[in-house]
Amino acid sequence: EADIYQTPRYLVIGTGKKITLECSQTMGHDKMYWYQQDPGMELHLIHYSYGVNSTEKGDLSSESTVSRIRTEHFPLTLESARPSHTSQYLCASSESGYGYTFGSGTRLTVV
Amino acid sequence: AQKITQTQPGMFVQEKEAVTLDCTYDTSDPSYGLFWYKQPSSGEMIFLIYQGSYDQQNATEGRYSLNFQKARKSANLVISASQLGDSAMYFCAMSGYSSASKIIFGSGTRLSIRP
């Protein structure tokens, strides 16, 4: 039973479209994270949040934006999708920072 | 700055054999945590095992154990009696005070189990 949910699981979209990747967790965790991962490659942190109304950019520069209006919800938005955004996006949450719970990921393809 | 190094891009192992996946790390934090995650082809990240830097004993979780050598800054994952379902990518990761609870990941090792 997943405690952190990502939707959609797969998304194919045209260039220039606006998209929002959803991430919700039911554990009440304060800390949430977004990672970007190309197939078979390492994970790169692109955004994180330590609580409501708190968001920070990660180590990898990204054109995406995030918001944290509610503890359980941490959506990621791309205003204008491009083929270079094609990747897997993984959402995670943590209570203490010692161990993440990951969602199942969103595989995004921009054509 | 913290860094995780996994030097084995890919490994092939016979079913039922034990396998060791290498991981070295670099940090100046006095307190830190080390993790291993498994990522099957479906893409989700599965937490396997955790080792705290002050833990005296090596962590174990079922068939997984972490060979922690603090002086060498290594945290190798040992899988005993490998199974076909162990075929996946494996990521070593760490967090510490200087990373403000963020976890950094290594580049991963792709493990393939032969029947």
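In short, a report on the structure. (Residues numbered from 1 in each chain as written. Chains lettered and ligands numbered in written order. Predicted model: local features only at pLDDT ≥ 70, side-chain atom pairs only at ≥ 80, totals over all residues. Heavy atoms only, no water.)

### Some details on the interface of chain B and chain A
Here's step 1: Taken together, the contact between chain B and chain A spans 24 residues of the former and 24 residues of the latter.
Here's step 2: Taken over both partners, the interface formed by chain B and chain A buries close to 1,700 Å², and the fraction arising from carbon and sulfur atoms is 52%.
Here's step 3: If you sort the residues of chain B by the area they bury against chain A, S101, K102 and F105 of chain B come out on top, with a joint share of 30%.
Here's step 4: Connecting chain B to chain A are zero salt bridges.
Here's step 5: For the pair chain B and chain A, the interface holds eight residue pairs in polar contact (both at pLDDT 80 or more).
Here's step 6: Within the residue set of the side of chain B that touches chain A, elements represented by two or more residues are strand 5 (32–39) and strand 10 (88–96) of chain B.
Here's step 7: Per element, the largest residue contribution to the side of chain B that touches chain A is five residues, and it comes from strand 5 of chain B.
Here's step 8: Each residue belonging to the side of chain B that touches chain A can be placed in one class, and the counts come to 10 nonpolar, 11 polar and three charged. (Contact = heavy atoms within 4.5 Å. Buried area = accessible area lost by both parts, 1.4 Å probe. Salt bridge = Lys/Arg side-chain N within 4 Å of Asp/Glu carboxyl O. Polar contact = N/O pair within 3.5 Å; in protein donor to acceptor, adjacent residues only side chain to side chain. Helix = DSSP H or I, 4+ residues; strand = E, 2+ residues; numbered from the N terminus. Nonpolar A, V, L, I, M, F, W, Y, C, P; charged D, E, K, R; others polar.)

### Looking at the environment of A81 of chain A
Here's step 1: Relative to the assigned elements, A81 of chain A resides in the loop between strand 8 (76–78) and strand 9 (87–94).
Here's step 2: Not counting residues within four places of it along the chain, the set of residues in contact with A81 of chain A comprises I13, G14, T15, G16, K17 and V110 of chain A.

### Points about the nonpolar core
All names here are of chain B.
Here's step 1: Core analysis: the largest hydrophobic core is formed by 26 residues, its most contacted members being Y25, W36, I49, L77, Y90 and L111.
Here's step 2: Of all the secondary structure elements, the ones that give two or more residues to this core are strand 2 (10–14), strand 3 (19–21), strand 5, strand 6 (46–52), strand 8 (64–69), strand 9 (74–79), strand 10 and strand 12 (109–114).
Here's step 3: Per-element accounting of this core gives the leading share, four residues, to strand 10.
Here's step 4: Apart from the residues lying within four places of it in its own chain, the contact partners of Y25 are K3, I4, Y32, L34, F68, K70, K73, S74, A75 and M94. (Core = buried A, V, L, I, M, F, W, Y, C linked by side-chain atoms within 4.5 Å. Buried < 20%, exposed > 50% of the residue type's maximum accessible area, 1.4 Å probe, protein only.)

### A look at the sheet that holds strand 3 (residues 19–25) of chain A
Residues and elements named next belong to chain A.
Here's step 1: If you walk across this open sheet you meet the four strands as 1-3-8-7, and the pairing is antiparallel. The open sheet has two free edges, formed respectively by strand 1 (4–7) and strand 7 (65–66), since each of these has just one partner strand.
Here's step 2: In terms of strand pairing, strand 1 meets strand 3 through four bridges, oriented antiparallel. Considered in strand 3, the bridge of Q6 is made with C23. (Pairing = 2+ DSSP bridges.)

### A short note on unusual backbone geometry
Glycine aside, a negative phi is what most residues show, and trans is what most peptide bonds show.
Here's step 1: Put simply, T7 of chain A and P8 of chain A share a cis peptide bond, and its omega is -10 degrees.
Here's step 2: In the Ramachandran plot, K73 of chain B falls in the positive-phi region, its phi being about 55 degrees despite a non-glycine side chain.
Here's step 3: Considering the arrangement of structural elements, one finds K73 of chain B in the loop between strand 8 and strand 9.
Here's step 4: Positive phi is not limited to glycine here, since A81 of chain B has a value of about 45 degrees.
Here's step 5: We classify A81 of chain B as partly exposed; its relative accessible area is 39%.

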